[in-house]
Amino acid sequence: MKRRKLGSHLEVSALGLGCMSMSALYGPPADKQQMIKLIRAAHEHGVTLFDTAESYGPFVNEELVGEALAPIRDKVEIATKFGFDIDLSTGERRGGTNSRPEHIKAVADAALKRLRTDRIDLFYQHRVDPAVPIEDVAGTVKDLIAAGKVRHFGLSEAGVQTIRRAHTVQPIAAIQSEYSLFWRGPEVELLAVLNELNIGFVPFSPLGAGFLTGMIDENTRFDPTDFRNNVPRFSSEARKANMPLVKIVRAVADRKGATPAQVALAWLLAQGPGIVPIPGTTKMHRLEENLGAIDLELTEADLDDIDAESKKVLVQGERLPEAALKMTGR
């Protein structure tokens, strides 16, 4: 497995594994024992970065990841997140964000227990809390690092000025935000700032929440509990309008003897050496397919072709519901 650096000191596999869909948001939770097998199989294939969060469930995804990785804890890097207002005793979602210093510390202690570990390798603020100065957040994580409970600091879906301010207090190893051929917003200003500050980038939904696999069209029906039912970009009309994007990656895939998913991931990997996508899956064959992207070499001509053709496609629909969008880029 090829490896990459997030920031100056955190070295991980070139592809990580997003574990959220195993427990939440993409339909009913998958079978726990099967997911433990999948997580361990990912490591056997060379994956070392595993991504979870207290809010996935809440709590159950951290528990799953902790149980799966316990036998190989010292061979992997675990990323989890704080920042939503969740009752740590009951798991009740109280709505909104909560990054008060005392809450961050309590979340860290609870996560350590669920993850069956003595340190969190990468601790992200899940969403910026407008009620708490980012300097206070960064300073709290700095204290957790000094205490040995956390190794590296990250932010998710943060704006560039917030990133700059936080970075002056505690160096940031990675930013996690959505990025794919389905959503190229980070190219506007984020990528340049991350390159300037030597901060790694961990794109979530690198396959456009499944759209870029070519397995979804306007007739696809999602489980009633699947979050995509509430995403404007996944309305039937939007999916039909956005299909030209899938045709672009499929055309390259056909030329390369690959799959659309592999092309989409290889394209992301080619955008910079500090980019580590975290595709998620609940299926072993999809895991193996995704990992095949690491060895798929896209030539400059391939990349130019993808770039030119994809920029002709005006993607329809917002990438998140309105309320969720308001929590990004702050």
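Keep in mind that this is a model prediction, so the values were computed, not measured. (Residues numbered from 1 in each chain as written. Predicted model: local features only at pLDDT ≥ 70, side-chain atom pairs only at ≥ 80, totals over all residues. Heavy atoms only, no water.)

A.B. asks: Would you explain the overall build of the protein chain in this entry?
C.D. replies: The number of helices and strands found in the protein chain is 11 helices and 11 strands. Over its C-alpha atoms the protein chain spans a radius of gyration of 19 Å, differing by no more than 12% from the 20 Å that the globule rule assigns to 330 residues. Seen through its principal axes, the protein chain has C-alpha atoms that stretch 50 × 40 × 35 Å. Put simply, the protein chain has 330 residues, and 59% of those count as buried. Considering only residue pairs separated by 6 or more positions, the protein chain has 75% of its internal contacts joining residues 24 or more positions apart. Accessible surface, the protein chain as shown: approximately 13,900 Å² in total, 50% of it carbon and sulfur. With 41 positive and 44 negative side-chain charges, the protein chain shows a spacing of 1 Å between the two charge centroids. (Helix = DSSP H or I, 4+ residues; strand = E, 2+ residues; numbered from the N terminus. Rg over C-alpha atoms; globule rule 2.2 N^0.38 Å. Buried < 20%, exposed > 50% of the residue type's maximum accessible area, 1.4 Å probe, protein only. Contact = heavy atoms within 4.5 Å. Areas by Shrake-Rupley, 256 points an atom, 1.4 Å probe, with all protein chains shown as cover. Lys, Arg positive; Asp, Glu negative; His and termini not counted. Charge placed at Lys NZ, Arg CZ, Asp CG, Glu CD.)

A.B. asks: Teacher, can you tell me more about the nonpolar core here?
C.D. replies: Side chains of a nonpolar character, in soluble globular proteins, are inclined to be buried together. Leu 17, Ile 39, Phe 50, Phe 123, Leu 155, Ile 163 and Ile 175 are the most contacted members of the largest nonpolar core, which has 88 residues in total. Top contributing element to this core by residue count: helix H8 (residues 260-269), with 8 residues. Once residues within four sequence positions are removed from consideration, Phe 123 is found in contact with Thr 80, Lys 81, Phe 82, Ile 104, Val 107, Ala 108, Leu 144, Val 150, His 152, Phe 153 and Gly 154. Ala 79, Tyr 124, Phe 204 and Val 276 belong to the second-largest nonpolar core, a separate cluster that totals 13 residues. (Core = buried A, V, L, I, M, F, W, Y, C linked by side-chain atoms within 4.5 Å.)

A.B. asks: How should I be thinking about the UniProt feature "domain: NADP-dependent oxidoreductase" (unreviewed entry) in the protein chain in this particular structure?
C.D. replies: When the UniProt feature table is mapped onto this chain, "domain: NADP-dependent oxidoreductase" (unreviewed entry) is found at residues 15-308. For residues 15-308, helix accounts for 39% and strand for 13%, while the C-alpha atoms at its two ends are 25 Å apart. (UniProt positions renumbered as here; feature names shortened; annotations may be inferred.)

A.B. asks: What exactly am I supposed to notice about unusual backbone geometry here?
C.D. replies: Across residues other than glycine, the phi torsion is negative in most instances, and most of the peptide bonds are trans. In this model, Gly 57 is joined to Pro 58 through a cis peptide bond whose omega is -5°. Despite not being glycine, Ser 205 shows a phi value in the positive range, around 50°. With respect to the secondary-structure elements, Ser 205 resides in the loop between strand E11 (200-204) and helix H7 (236-256). For Ser 205, a relative accessible area of 17% gives the class buried. One non-glycine residue, Ala 209, lies in the positive phi region at around 55°. Inspection of the secondary structure assignment puts Ala 209 in the loop between E11 and H7. Residue class for Ala 209 comes out buried when judged on its relative accessible area of 9%.

A.B. asks: Looking at this structure, how should I read the packing of helix H1 (residues 32-44) against helix H2 (residues 60-69)?
C.D. replies: How two helices pack is summed up by the angle between their axes together with the distance between the axes. Interhelical geometry of H1 versus H2 gives an angle of 55° and a closest axis separation of 9 Å. On the basis of their axis angle, the class for H1 and H2 is oblique. Once H1 is placed against H2, the crossing between them reads as right-handed. Between H1 and H2, the residues in contact are Lys 32, Gln 33, Met 35, Ile 36, Ile 39 and Arg 40 and Leu 64, Val 65, Glu 67, Ala 68 and Leu 69, respectively. In terms of residue class, the contact of H1 with H2 is made up of 7 nonpolar, 1 polar and 3 charged. (Axes fitted to C-alpha atoms, helices over the stretch in contact; angles between N-to-C directions. Parallel < 35°, antiparallel > 145°, perpendicular 65-115°, else oblique. Left-handed = near helix turned anticlockwise from the far one by under 90°. Nonpolar A, V, L, I, M, F, W, Y, C, P; charged D, E, K, R; others polar.)

A.B. asks: Help me understand the environment of Ser 89, please; the structure alone is not making it clear to me.
C.D. replies: Checked against the element boundaries, Ser 89 lands in the loop between strand E6 (84-86) and strand E7 (93-97). Each C-alpha atom, one on Ser 89 and one on Ala 110, is 9.6 Å from the other, the two residues being 21 residues apart in sequence.

A.B. asks: Explain the packing of aromatic side chains to me, please; I cannot follow it from the model alone.
C.D. replies: Scanning all chains against the criterion turns up 8 aromatic pairs. Ring geometry for Tyr 179 versus Phe 201: centroids 5.7 Å apart, planes at 35°, classification tilted. Linking Tyr 179 in the loop between strand E10 (172-178) and helix H6 (190-197) with Phe 201 in strand E11, this pair joins segments that are 22 residues apart in sequence. Since its relative accessible area comes to 2%, Phe 201 is described here as buried. Through pairs of rings, three or more aromatic residues link up here, namely Phe 182, Phe 211, Phe 222 and Phe 234. (Phe/Tyr/Trp six-rings, centres within 6.5 Å; stacked < 30°, edge-to-face > 60°.)

A.B. asks: Any chance you could explain the sheet that holds E10 here in plain terms?
C.D. replies: Hydrogen bonds between backbone atoms are what pair the strands of a sheet, whose relative direction is either parallel or antiparallel. Taking strand neighbours across the sheet as the criterion, the 7 strands line up as E3-E4-E5-E8-E9-E10-E11 in an open arrangement whose pairing is parallel. On the outer flanks of this sheet lie strand E3 (17-18) and E11, each paired with one strand and no other. Of the strand pairs in this sheet, strand E4 (residues 49-51) and strand E5 (residues 77-82) are connected by 3 bridges, and their pairing is parallel. Directly across from Phe 50, in E5, lies its bridge partner Ile 78. (Pairing = 2+ DSSP bridges.)

A.B. asks: Sorry, what's going on with the pattern of salt bridges here?
C.D. replies: When the charged atoms of two side chains with opposite charge come close together, those side chains can pair. For the structure shown, the criterion picks out 29 salt bridges. As a salt-bridge pair, Arg 114 and Glu 62 come within 2.6 Å of each other at their nearest N and O atoms. Within this pair, whereas Arg 114 is found in helix H3 (residues 101-114), its partner Glu 62 is found in helix H2, the two being separated by 52 residues in sequence. Neither Arg 114 nor Glu 62 differs from the other in exposure class; each is buried. Put simply, Arg 255 and Asp 302 hold a salt bridge, and the shortest N to O gap is 3.2 Å. Here the residue Arg 255 occupies a position in helix H7, and Asp 302 occupies one in helix H10 (residues 300-310), the gap between them amounting to 47 residues. (Salt bridge = Lys/Arg side-chain N within 4 Å of Asp/Glu carboxyl O.)

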